[in-house]
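Summary of the model geometry
Each chain, letter by letter, is given below.
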Amino acid sequence: QVQLVESGGGLVQAGGSLRLSCAASGRTFSSYSMGWFRQAPGKEREFVAARSGGGGATYYVDSVKGRFTISRDNAKNTVYLQMNSLKPEDTAVYYCAARPTWGTPATMANRYEYNGWGQGTQVTVSS
């Protein structure tokens, strides 16, 4: 099972940018599909974006399309979430997650389909 550690969160003003990183352990990282989720206080953990292991396929939740980009560097065992034009409603703890195969949008958006999670990194966007 892959181990995940997120970093890069912080406090930013609305309209600003942040790049989150998720470093993974293990020699099979490139075979894993990776997802980013977020959880705001009092809310359910929600899907943000996902990327396949090597094929470059991606999915995004509608609310971040055009603003967020998920990418990965398999040589560095790292997946990224570039977040631009941040809004106060993007404030949440952001988690990366891994699963061994790529799936449909519904599958990749389902947190219960992932079997590896990081500890999360806080992103706060001030208005």
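First, a word on what this report is: a plain description of the structure on this page.

Calculation rules
- Residues numbered from 1 in each chain as written.
- Predicted model: local features only at pLDDT ≥ 70, side-chain atom pairs only at ≥ 80, totals over all residues.
- Heavy atoms only, no water.
- Core = buried A, V, L, I, M, F, W, Y, C linked by side-chain atoms within 4.5 Å.
- Buried < 20%, exposed > 50% of the residue type's maximum accessible area, 1.4 Å probe, protein only.
- Helix = DSSP H or I, 4+ residues; strand = E, 2+ residues; numbered from the N terminus.
- Pairing = 2+ DSSP bridges.
- Axes fitted to C-alpha atoms, helices over the stretch in contact; angles between N-to-C directions.
- Phe/Tyr/Trp six-rings, centres within 6.5 Å; stacked < 30°, edge-to-face > 60°.
- Contact = heavy atoms within 4.5 Å.
- Polar contact = N/O pair within 3.5 Å; in protein donor to acceptor, adjacent residues only side chain to side chain.

Residues W36, L81, M83 and Y94 are the most contacted members of the largest nonpolar core, which totals 27 residues. Counting only elements with at least two residues in this core, the list comes to strand 3 (18-24), strand 4 (33-39), strand 5 (46-51), strand 7 (68-73), strand 8 (78-83), strand 9 (92-99) and strand 11 (121-126). In terms of nonpolar packing, the next biggest core, distinct from the first, is built from 6 residues, F37, F47, A97 and Y114 among them.

Trans peptide bonds make up most of the peptide bonds, and negative phi angles are found at most residues other than glycine. Of note in the backbone geometry, N77 takes a positive phi value of approximately 55° without being a glycine. Inspection of the secondary structure assignment puts N77 in the loop between strand 7 and strand 8. Despite not being glycine, S85 has its phi angle at roughly 50°, a positive value. Within the secondary structure, S85 sits in the loop between strand 8 and strand 9.

In spatial order, the strands read 1-3-8-7; together these 4 strands make up an open sheet with antiparallel pairing. Edge positions in the sheet fall to strand 1 (4-7) and strand 7, since each of these pairs with one other strand and no more. Across this sheet, the average inter-strand angle for adjacent strands is 15°, counted without regard to direction. Across 4 bridges, strand 1 lies against strand 3 in antiparallel orientation. Directly across from V5, in strand 3, lies its bridge partner A23.

To continue, consider the packing of aromatic side chains. If you walk through the whole model with that rule in mind, you get 6 aromatic pairs. Both rings, one in F37 and one in F47, keep their centres 5.6 Å apart while their planes meet at 75°; by these two values the pair is edge-to-face. Pair noted here: F37 is in strand 4 and F47 is in strand 5, with a separation of 10 residues, a long-range link. On the numbers, 6.4 Å between centres and 80° between planes, the contact of Y95 with W117 is edge-to-face.

Glancing now at the environment of V12. Tracing the backbone shows V12 in strand 2 (residues 10-13). Spatially, the C-alpha atom of V12 lies 16 Å from that of A40, the residues being 28 residues apart in sequence. Sequence-distant contacts of V12, defined by excluding residues within four places in its chain, comprise S17, L18, L86, T124, V125 and S126.

A few words now on the side chain of T121. Its location among the elements puts T121 in strand 11. Using a relative accessible area of 11% as the deciding quantity, one classes T121 as buried. There is a polar contact of 3.1 Å between the side chain of T121 and the backbone nitrogen of G9. If near-sequence neighbours (up to four positions away) are discounted, T121 is found in contact with E6, S7, G8, G9, L20, A92, V93 and Y94.

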